Amino acid sequence: MLVEGCTYNNKKRFSPENRQERKVVFDSYQGKIVDQTGRNILVYACGKFSIAIPAIELARTLYLHNTHLTRTALRPNGLQGLATIESGQHSSTITFNRLSDFSVSNLKNRSAQAHLIWLLFDERARKGFNSIYDALVRCEASEWFFDFEPPPLKGWIANVVMPAHAQDEDIYYVNEITALHNPSFFYQNEVLIFHPNLKKTIRVDPEDKSRPVVNKPDQDSLLDLQSIPKLGRKRDVVSEVGFSFTFGNETPSQLVLEKQEHKISPVVMQQFPMNPGAPPPHSIQRRQ
């Protein structure tokens, strides 16, 4: 969600008012330049004009859709350590490694599955993703300015956001990409997705009516950008809204539930008992 020029209040992102959005079609890659701050900027011809996109922004919208993919991009084994793929005659499979920290919640919608299929089965997409780590290890300076080699984008369509004030007549600087459309990717097989945490749960009531008790938090958590993340604490996942990554052809996909689990529905406590003589919540075991 970290986008150049935006401000953040708790977990909400606010974009600057003086900006304009425009739809562009990528024509050809014109090369890479370095701005005054040392950042890498990628330049693309789009018909009669060109656009300049920070490398980190293009990679954010191409690849870094969640924190798990971001971690994967900065690991030496990259996508190979995330999941294995196998192509069959009529169907193909994606199998997540049991030690992978890729969350099942990132697979719940069709657009996320389609993005994953493109990332793993398109050789040019894989090469571009893995180039992020390659650029990191090649850097000999004390500070690394994000860099990578994107896949060919000729024919891709994007919605880009630019400052509203006057710019160079031939090159427009892009702050943000709000949509990407890949019209050319096509994969002929249905893709079955296996994940060790994809389980079919059967809820049952215990014979003795004993049910676990969980406490519902009293209030929503706040985001403190100055603090250091702590391990083992409750985590809030905030997803970007309004961004889309689409394809011209839809690849059928299916999440495969490998296991069955019996689970007892818990009793949710809205708040702790206020009566001093009442037993603590963890001792409440039965429900009439």
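Predicted model only: the values in this text are computed from it and were never measured. What you see as residue numbers is a count from 1 along each chain, following the sequence as written. Given that the model is predicted, a residue must reach a pLDDT of at least 70 before its local features are reported, and side-chain atom pairs must reach 80 or more before they are shown or counted; all residues, however, enter totals for whole chains, interfaces and linings. Excluded from the side-chain calculation are hydrogens and water; included are all heavy atoms of the structure.

1. Some remarks on the overall build of the protein
The secondary structure listing takes helices from DSSP runs of H or I that are at least 4 residues long and strands from runs of E that are at least 2 residues long, numbered from the N terminus. Per the secondary structure count, the protein includes five helices and 18 strands. Three exposure classes are used, based on accessible area relative to the maximum for each residue type with a 1.4 Å probe and protein chains only: buried under 20%, partly exposed in between, and exposed over 50%. A total of 288 residues make up the protein; the buried ones form 36% of that total. Should any heavy atoms of two residues lie within 4.5 Å, those residues are considered in contact. Within the protein, contacts between residues separated by at least 24 positions form 70% of all contacts whose residues are at least 6 apart in sequence. Per-residue and other accessible areas were derived by the Shrake-Rupley procedure at a 1.4 Å probe size, with only the shown protein chains allowed to occlude residues. Roughly 18400 Å² of accessible area belongs to the protein as shown, and the carbon and sulfur atoms make up 51% of that amount.

2. Some details on the confidence of the model for the protein
Residues of the protein with pLDDT of at least 70 account for 75%, and the chain-wide mean is 83. Scored from 0 to 100, pLDDT reflects the predictor's confidence in each residue. Note that pLDDT drops below 50 for residues 281–288; the model gives that stretch 14 contacts with residues more than four away or on any other chain.

3. Observations concerning the packing of helix α4 (residues 110–121) against helix α5 (residues 123–138)
What counts as an axis is a line fitted to C-alpha atoms, over the stretch in contact for a helix, and the angles between N-to-C directions run from 0 to 180 degrees. Relative to each other, α4 and α5 sit at 85 degrees, their axes nearing to 5 Å. It follows that α4 is roughly perpendicular to α5 by the angle criterion. Residues Trp 118, Leu 119, Leu 120 and Phe 121 of α4 form the contact with α5, whose participating residues are Glu 123, Ala 125, Arg 126 and Phe 129. Ten residue types, Ala, Val, Leu, Ile, Met, Phe, Trp, Tyr, Cys and Pro, are classed as nonpolar, four, Asp, Glu, Lys and Arg, as charged, and the remainder, Gly among them, as polar. Counted by class, the contact of α4 with α5 contains six nonpolar, no polar and two charged residues. The cut-offs work like this: below 35 degrees is roughly parallel, past 145 is roughly antiparallel, 65 to 115 is roughly perpendicular, and the gaps in between are oblique.

4. A short note on the pattern of salt bridges
Where side chains of opposite charge bring their charged atoms close, a pairing between them can arise. The term salt bridge refers to a side-chain nitrogen of Lys or Arg lying within 4 Å of a carboxyl oxygen of Asp or Glu. For the coordinates displayed, the defined rule picks out 10 salt bridges. With a closest N to O distance of 3.5 Å, Arg 71 and Asp 101 form a salt bridge. Taken together, the positions of Arg 71 in helix α2 (residues 67–73) and Asp 101 in the loop between β8 (91–96) and α4 put the pair 30 residues apart, joining distant regions of the chain. Under the relative-accessibility criterion, Asp 101 is labelled partly exposed at 27%. Linked by salt bridges that have partners in common, Arg 13, Arg 19 and Glu 176 make up one network.

5. Section: the sheet that holds strand β4 (residues 28–34)
The strand order across the open sheet built from four strands is β4-β5-β6-β10, with neighbouring strands paired in mixed fashion. Two strands bound the open sheet, and with one partner strand each, they are β4 and β10 (171–173). Pairwise comparison of adjacent strand axes, ignoring direction, gives a mean angle of 25 degrees for this sheet. For two strands to be treated as a pair, DSSP must find no fewer than two bridges joining them. Bridge count for strand β6 (residues 49–54) against β10 is three bridges, and the pairing is parallel. Bridge pairing links Ala 52 to Tyr 173 in β10. Against the sheet, helix α1 (residues 55–62) engages β5 (40–46) and β6, with an angle of about 85 degrees to β6.

6. Side note on the nonpolar core
Note that soluble globular proteins tend to have their nonpolar side chains buried in a common cluster. In this text, buried Ala, Val, Leu, Ile, Met, Phe, Trp, Tyr and Cys residues form a nonpolar core when linked through side-chain atoms within 4.5 Å. One finds Ile 51, Leu 62, Ile 94, Trp 118 and Phe 148 to be the most contacted residues of the largest nonpolar core, which totals 49 residues. Examining the composition of this core, we find that six residues originate from one element, α4, more than from any other. Apart from residues lying up to four places away in sequence, Ile 51 is in contact with Val 24, Phe 26, Leu 42, Val 43, Tyr 44, Cys 46, Tyr 172 and Val 174.

7. Notes on the environment of Leu 198
With respect to the helices and strands, Leu 198 occurs in the loop between β12 (190–194) and β13 (199–204). Judged by its relative accessible area of 2%, Leu 198 is buried. Distance from Leu 198 to Leu 255, taken between C-alpha atoms, is 7.8 Å for residues 57 residues apart in sequence.

8. Some thoughts on the side chain of Thr 61
Relative to the assigned elements, Thr 61 resides in helix α1. A polar contact is formed between the side chain of Thr 61 and the backbone oxygen of Leu 58, at a distance of 3.1 Å. Discounting chain neighbours no more than four positions away, the residues touching Thr 61 are Ile 177, Leu 180, Phe 243 and Phe 245. Polar contacts, as counted here, are pairs of nitrogen or oxygen atoms within 3.5 Å of one another; within protein the pair requires one atom able to donate a hydrogen and one able to accept it, and residues that are adjacent in sequence qualify only if both atoms are side-chain atoms.

9. Remarks on the sheet that holds strand β15 (residues 244–247)
Strand order in the open sheet made by the four strands is β3-β9-β11-β15, with mixed pairing throughout. Either end of the sheet is taken by a strand with one partner, and the two such strands are β3 (19–25) and β15. Averaged over all pairs of adjacent strands, the angle between strand axes in this sheet comes to 20 degrees, irrespective of strand direction. Across four bridges, the pairing between strand β11 (residues 176–182) and β15 is parallel. Its bridge partner lying in β15, Asn 182 is registered against Phe 247. Sheet strands in contact with α4 are β11 and β15, and its direction is about 65 degrees off that of β15.

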